[in-house]
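What follows is each chain in one-letter form.
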Amino acid sequence: MPKKSTFSDSEPNIFSFNEIEKKWQRRWEEAKVFEAVPDKRNKFFINFPYPYINGHLHLGHAFSVTRVDVAARYKRMNGFNVLFPQGWHCTGTPVWAAAQRIREKEEKQIQIMKTMGFSEKEILKFGEVKHWMDTFVPAAQEDLSRIGASVDWRRSFVTTDLNPYYDKFIRWQFNKLREKGLVVKGKRPVVWCVKDKMVVGDHDRAEGEGETPQEYYLLKFKFGDSYLIAATLRPETVFGQTNFWVNPDANYVKARIGNETWIVSKECLDKLELQEKDTKMMEYISGKDLIGKHCEAPLIGRKIMILPARFVDPTMGTGLVTSVPSDAPYDYIALRNMQEMKETEKNKLGFSIEQIEEIEDIEIIPIIKTEKYGDKAAVKVVEESGVVNQEDPKLDSLTQEVYKEGYHNGILLNNCGEYSGMKVKEAKEKMKEDMIKKGLLEIFYELSGKVVCRCLTPSVVKIVSDQWFLKYGDKEWKEKVRKELEGMKLYPDLVRQQFNYVIGWLNDWACTHHHGAGTKLPWDEHWVIESLSDSTIYMAYYTIAHLIKEYPLDKIDDSFFDYVLLGEGKGSKEMDKMRKEFEYWYPFDVRSSGKDLVQNHLSFCMFNHAAIFPEKHWPKSFSVNGWLLVEGDKMSKSKGNFFTIRQVLEKHSADSVRAGLMMGGEGLDDPNFGFANVEIVTQKIHGFFEFARLNYKKAKKAELSRSDRLFVSSINRYLKEGSEAMENMMFRTAFDKLFFQMQRVLKEYINRGGSNQGVLNDFIEIQIKIIAPFCPHVAEELWNKIGKKEFISLAEWPQVEENKIDTKLEESEKGVDKTVADVLNVLSIVKEKTRKEGEKVYVYVMPFELEHYNAELLSRRVQKEVKIFAVNDKNKYDPEGKAGKAKPGKPGIYVE
RNA sequence: GCGGGGAUGCCAGAGUGGUCUAAUGGGACGGAUUUAGGCUCCGUUGGCUCAGUGCCUUCCUAGGUUCAAAUCCUAGUCCCCGCACCA
């Protein structure tokens, strides 16, 4: 049996969220309700970062868009001319690379497309980036429309050179930045595949996600007319060097590096070449041939002996290692092994008696002191851990530990020359600089861990030398941005510290890539502008996006944008129109985004605005929110809590999902979306829908009773608090106050017997209006049902009537609540004690301000017959003298 | 390691010196209504005590400041996020 309708009148049950949503979305579109046209009103421009369209939009997007939409609708109802545009992002590598993989018919990628529900035939089309746009952009627009986003779709666009208009805009932006000297050429280390001859991004790896190039230091040890080169992370330990390690089984090469002769492993030579060294191979040297000889340690000038060690890996660094047994566990173990080796074995290695003596005389030199490990950290940790040979895997973590402690808490001992007494942290920098100056040290990059390219070739570090950078490290620029930040409002303000910090450490940003979709760098077209860099000031483009499409493409050049966006030079009539539109809307009032974008996108947005636009066009505010959790967990396909918008909308109404999302959370905490909330909202909204429809009636204004005034007071209080929350983009609080609390006080009012039709009508109107930003479809339908002609989307947000907020009255009601509780309490006790059926019991309860209350209402609350007496006359309040201790002179209540 | 944010009752989540056993919502439990209930209503939900507004113990832990602390200070423990060239 289908559930029986709760409709009591003759009208058939037409309540279908689905129907209502479709109907109003159609009407909004027909009436162009959300098309933003400049006029005399104040404007409000809100937006959020355009989604990257590598698939269907998911619940996380729904959360972002709902936040923005609720704000947009709220502002619209507050009389603002609201602009909420939406574009789509396709710049960068993910889609580009996926398309390429489809072309290569890579099984994994094809499988991904299959799970998205595409047929074999269709999948092949995704070999072109454009097909991704053609598929997912319309789908995304449909999804956002279905969830009720009040977007001006005329202004939508996609990025990359597939959109020549936007492409020209980005070119203009970069030319502008270059003119100002903010785009410069530089070098940077990248993870590189020698086979593919390409940068190996994090997503293109078979192994080694998260690994990055790490700075190592090459130390030069004088060795005859050449240098032995050792790679180290710890140049500050040079004073503790006791010997030098070489792998006896490895092959080394002597090579011309610049105008020096270096000895390094064969593997290292290839790396040096990729790291901009001018190399020329000379001859091979066997590791064995080096053993027993001496070289001169850099900076300290000490002669140290070259000894064999198994732990030395020719593929790591230079394949040569300097030995600091006091602070390097590997070195200590290797040295101890060496010294403890039987004489016969040492002989076997070809050491002479003098050499053997020399080895035995090597003493560990303490150089760094920490509270935790004393002055021979490596010795201490190795002895304590019981490690005895060089192959022990524990050595890696011990090394880490010693390094960490030494670096952060260590102090150099007084045998360290001019660095004696310095903190390790500081000494490291200084020694590094000094040694570079003296030509004893060079910087080298090695991967922080093993990285394997998708083509299964191990990756290496390459230095790209003609890389273009945005000069975010520039001091003057930073100053300007700090000033910009000061003038901005942040929701919540908590993120201000984070922004300040980011502005501080942000350094020059590599803004060009070798490959990927995007705009080509105008003056150096073999570079593609990287995706975060092309999305910094595009909000300005929204203001003209719908007009520029109508303008002849060939007439658009840099001077076009100079005029339209900066007001420089002269422009045509059409350009003038665009200029006016820009000036009306810009700057944007709110940009809302996830907190993950604080350290890049939002900061870049500030930087580029500061660089290109005058102060009056700098951003007004950012709103930052957490990452959406679903059912308490991070969304992930493997956990089964990943949902696209369309999946969710198949089963749930847009209004409920919107409200459910907003109920999930606010502020910087990760909001949590649960379907239970969606169900609750669905029920409550439906409940209110019925209530409003059936209870909105014609009425004359009746005089307000105490109960009425109490109700009106609560409504106004929640309206006030809710509106404040709306202003602060605290939408969970707002929805709670504006809907749940409102419904609660309505319930209380009805329970009190409230029935003043005028009051009810006012309430219904207010309630519909204030849920409209959250549940716009139902609100429109209801608004229409109660006979209003205009769209609720354009109705006026209700004004708080401060004078109707009666705190005293609400307090007194709390007192009544307490009295009722007391009565019930006493009654239950009495009931337990007497247990006699039919016996009359009289109870006296010290009441609270009963002059405003009446017996009928109390009876309803207590569910017993209640009488109230003024206790002036003893006999009146307790006719049978059984109610116990009453206090004459005060009113009392009497329960039978 | 650096930087930022946190830790509140079964759960979520308010609360920044007294009005705090701590809002509100959900859950659970008990009761009322009911043919029945997923509707609605009332109540309970730290412990003890109880013919009545009482006592004790609680807001991560340990100290401290104060007449008074969930709230301020100090130390510690644990959790989340970011640390880049990637959307």
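The rules behind each value
- Residues numbered from 1 in each chain as written.
- Chains lettered and ligands numbered in written order.
- Predicted model: local features only at pLDDT ≥ 70, side-chain atom pairs only at ≥ 80, totals over all residues.
- Heavy atoms only, no water.
- Helix = DSSP H or I, 4+ residues; strand = E, 2+ residues; numbered from the N terminus.
- Buried < 20%, exposed > 50% of the residue type's maximum accessible area, 1.4 Å probe, protein only.
- Patch = residues over 30% accessible without salt bridge, like charges linked within 9 Å, V, L, I, M, F, W, Y side chains within 5 Å.
- Areas by Shrake-Rupley, 256 points an atom, 1.4 Å probe, with all protein chains shown as cover.
- Salt bridge = Lys/Arg side-chain N within 4 Å of Asp/Glu carboxyl O.
- Lys, Arg positive; Asp, Glu negative; His and termini not counted.
- Charge placed at Lys NZ, Arg CZ, Asp CG, Glu CD.
- Pairing = 2+ DSSP bridges.
- Axes fitted to C-alpha atoms, helices over the stretch in contact; angles between N-to-C directions.
- Parallel < 35°, antiparallel > 145°, perpendicular 65-115°, else oblique.
- Contact = heavy atoms within 4.5 Å.
- Nonpolar A, V, L, I, M, F, W, Y, C, P; charged D, E, K, R; others polar.
- Polar contact = N/O pair within 3.5 Å; in protein donor to acceptor, adjacent residues only side chain to side chain.
- Expected span 1.5 Å × (residues − 1).
- Arc of directions from axis to C-beta.
- Near = heavy atom within 4 Å.
- Phe/Tyr/Trp six-rings, centres within 6.5 Å; stacked < 30°, edge-to-face > 60°.
- Lys NZ or Arg CZ within 6 Å of the ring centre and 35° of its normal.
- Right-handed = clockwise from strand over helix to strand, strands pointing away.
- pLDDT = per-residue confidence, 0-100.
- Core = buried A, V, L, I, M, F, W, Y, C linked by side-chain atoms within 4.5 Å.

So, on to the overall build of chain A. What chain A contains, in helices and strands, is 32 helices and 31 strands. When burial is assessed residue by residue, chain A has 54% of its 896 residues classed as buried.

A word on a negative patch on the surface. Side chains of Glu-343, Glu-354, Glu-357, Glu-358, Asp-361 and Glu-363 sit close together on the surface and give a patch of like negative charge. In terms of residues, the negative patch owes the most to one element, helix α12 (residues 353-361), which gives four residues.

The strands that make up a sheet are held in pairs by hydrogen bonds between backbone atoms, and each pair lies either parallel or antiparallel. In space, the four strands of this open sheet follow the order β4-β3-β19-β21, with antiparallel pairing throughout. Each edge of the sheet is formed by a strand with only one pairing partner; in this case those strands are β4 (198-199) and β21 (509-510). As paired strands, strand β3 (residues 183-193) and β4 are joined by two bridges and run antiparallel to one another. Of the residues in β4, the one forming a bridge with Trp-192 is Val-199.

Once that is clear, we can look at the pattern of salt bridges. A complete count under the given rule lists 51 salt bridges for this structure. Of the charged contacts, one joins Glu-30 and Arg-26 as a salt bridge, the two residues approaching to 3.9 Å between their closest N and O atoms. Of this pair, Glu-30 and Arg-26 both sit in helix α1 (residues 17-30), four residues apart, which is roughly one turn of the helix. Taking the relative accessible area as the measure of exposure, Arg-26 reaches 46% and is therefore partly exposed. Put simply, Lys-595 and Asp-670 hold a salt bridge, and the shortest N to O gap is 3.3 Å. Taken as a pair, Lys-595 in the loop between β24 (590-594) and α22 (598-612) and Asp-670 in the loop between α24 (654-664) and β28 (672-673) lie far apart in primary sequence, 75 residues in all. Looking at Lys-595, the relative accessible area reads 32%, which means it is partly exposed.

Relative to strand β19 (residues 460-470), β3 runs antiparallel, the two being bridged by nine bridges. If you follow Val-183 over to β19, its bridge partner there is Leu-470. Connecting the antiparallel pair β3 and β4 is a turn made up of four residues, with Lys-197 showing a positive phi of about 55°.

Where helix α14 (residues 394-409) meets helix α15 (residues 424-437), the axes come as close as 5 Å, and the angle between the chain directions of the two elements is 90°. Regarding the angle of α14 to α15, the classification is roughly perpendicular. Mapping the contact onto sequence places Tyr-403, Gly-406, Tyr-407 and His-408 in α14 and Val-424, Lys-425 and Lys-428 in α15. The class makeup of the residues in the contact of α14 with α15 is three nonpolar, two polar and two charged.

This next bit is on the side chain of His-131. Among the structural elements, His-131 can be located in helix α6 (residues 129-146). In this structure the side chain of His-131 is engaged in a polar contact, spanning 3.1 Å, whose partner is the side chain of Glu-122. Setting aside chain neighbours within four positions, we find His-131 in contact with Glu-122, Lys-125 and Phe-126.

Taking 1.5 Å of rise per residue, 12 residues should cover 16 Å, and helix α16 (residues 475-486) covers 17 Å from first to last C-alpha, within 8% of that figure. Every buried residue of α16 is listed here: Trp-477, Lys-478, Val-481, Glu-484 and Leu-485. Projection of α16 onto a plane perpendicular to its axis shows the buried side chains occupying an angular sector of 115°, all on one side. Across α16 from its buried face, at more than 90 degrees, point the exposed residues Lys-475, Glu-476 and Glu-486.

Between its first and last C-alpha atoms α6 spans 26 Å; for 18 residues at 1.5 Å apiece the expected length is 26 Å, and the two agree. Residues Val-129, His-131, Trp-132, Met-133, Thr-135, Phe-136, Val-137, Ala-139, Ala-140, Asp-143 and Leu-144 constitute the buried set of α6. Looking at the buried side of α6, the elements it contacts are α2 (59-77), α3 (94-103), α4 (107-115), α5 (120-125) and α23 (645-651).

With that settled, the discussion passes to the sheet that holds strand β26 (residues 629-630). The strand order β27-β26-β28 describes an open sheet built from three strands, whose pairing is mixed. Here the strands that pair on one side only, and so sit at the sheet edges, are β27 (633-634) and β28. For β26 and β27, the ladder comprises two bridges, and the chain directions are antiparallel. What sits directly across from Leu-629, in β27, is Lys-634.

Tyr-52, Ala-510, Asn-600, Gln-741 and Lys-747 are the nearest of the 36 residues found near RNA strand B. Note that a phosphate oxygen of RNA strand B is positioned 3.0 Å from one of the side-chain N or O atoms of Lys-634. At 2.9 Å from a sugar or linking oxygen of RNA strand B is found a side-chain nitrogen or oxygen belonging to Arg-732. Contributing elements (two or more residues each) for the surface near RNA strand B: α17 (495-505), β21, α22, α27 (731-751) and α30 (807-834). Per-element accounting of the surface near RNA strand B gives the leading share, six residues, to α27.

The linkage connecting Tyr-491 with the following residue, Pro-492, adopts the cis geometry, with an omega of -10°. By secondary structure assignment, the location of Pro-492 is in the loop between β20 (489-491) and α17. Look at the link from Tyr-586 to Pro-587: it is a cis peptide, with omega at 5°. Mapped onto the secondary structure, Pro-587 falls in the loop between α21 (573-585) and β24. With a phi close to 60°, Met-729 is a non-glycine residue in the positive phi region.

So, about the packing of aromatic side chains. Across all of its chains, the model carries 56 aromatic pairs by this definition. Ring centres of Tyr-472 and Phe-607 lie 4.7 Å apart, and the angle between their planes is 45°; this geometry places the pair in the tilted category. Of this pair, Tyr-472 sits in the loop between β19 and α16 while Phe-607 sits in helix α22, and the two are 135 residues apart along the sequence. Of the residues examined, Phe-607 reaches a relative accessible area of 0% and is grouped as buried. Taking 5.3 Å as the distance between ring centres and 35° as the angle between the ring planes, the aromatic pair formed by Tyr-551 and Phe-560 counts as tilted. Like Tyr-551, the residue Phe-560 is buried in the burial classification. The side chain of Lys-222 reaches across the aromatic face of Tyr-227, ending 5.4 Å from its centre.

Looking at the element boundaries, Asn-42 is found in the loop between α1 and β1 (43-47). In this structure the C-alpha to C-alpha distance between Asn-42 and Asn-81, which are 39 residues apart in sequence, comes to 6.0 Å. Aside from chain neighbours lying at most four places away, what touches Asn-42 is Gly-79, Phe-80, Asn-81 and Tyr-584.

Below, the discussion takes up the side chain of Glu-236. In this structure, Glu-236 sits in the loop between β7 (226-232) and β8 (243-246). For Glu-236, the contacting residues outside a window of four places in its chain are Ile-367, Ile-368, Tyr-403, Leu-412, Val-424, Lys-428 and Met-431.

On to the pairing of strand β25 (residues 621-625). Where burial is concerned, most of β25 is hidden: five out of the five residues are buried. Burial along β25 is two-sided: Ser-621, Ser-623 and Asn-625 and Phe-622 and Val-624, pointing in opposite directions, are all buried. Summarising the sheet, β20 and β25 pair through three bridges and their orientation is parallel. Each bridged residue has a counterpart across the sheet, and for Lys-489 the counterpart in β25 is Ser-621. Handedness of the crossover joining β24 and β25 through α22 is recorded here as right-handed.

Once that is clear, we can look at the confidence of the model for chain A. Looking at chain A as a whole, its pLDDT mean stands at 85, while 89% of the residues score no less than 70. Scored below 50 in pLDDT, residues 832-840 shows two contacts in the model against residues more than four places distant or in partner chains. In the predicted assembly, ipTM is 0.85 and pTM is 0.84.

Ranked by internal contacts, the top residues of the largest apolar core, which has 108 residues, are Leu-59 and Phe-774. Contact partners of Leu-59, with chain neighbours within four places excluded, come to Leu-628, Val-630, Met-635, Phe-643, Ile-645, Val-648, Val-657, Leu-661 and Phe-673. Val-190, Leu-274, Phe-604 and Met-606 belong to the second largest nonpolar core, which has 74 residues in total.

Moving on, we come to the environment of Pro-366. Along the chain, Pro-366 turns up in the loop between α12 and β15 (368-369). Pro-366 sits 266 residues away from Gly-632 along the chain, and the two C-alpha atoms are 52 Å apart. Among all residues touching Pro-366, those that are not within four sequence positions of it are Ser-326, Asp-375, Lys-376, Leu-413 and Asn-415.

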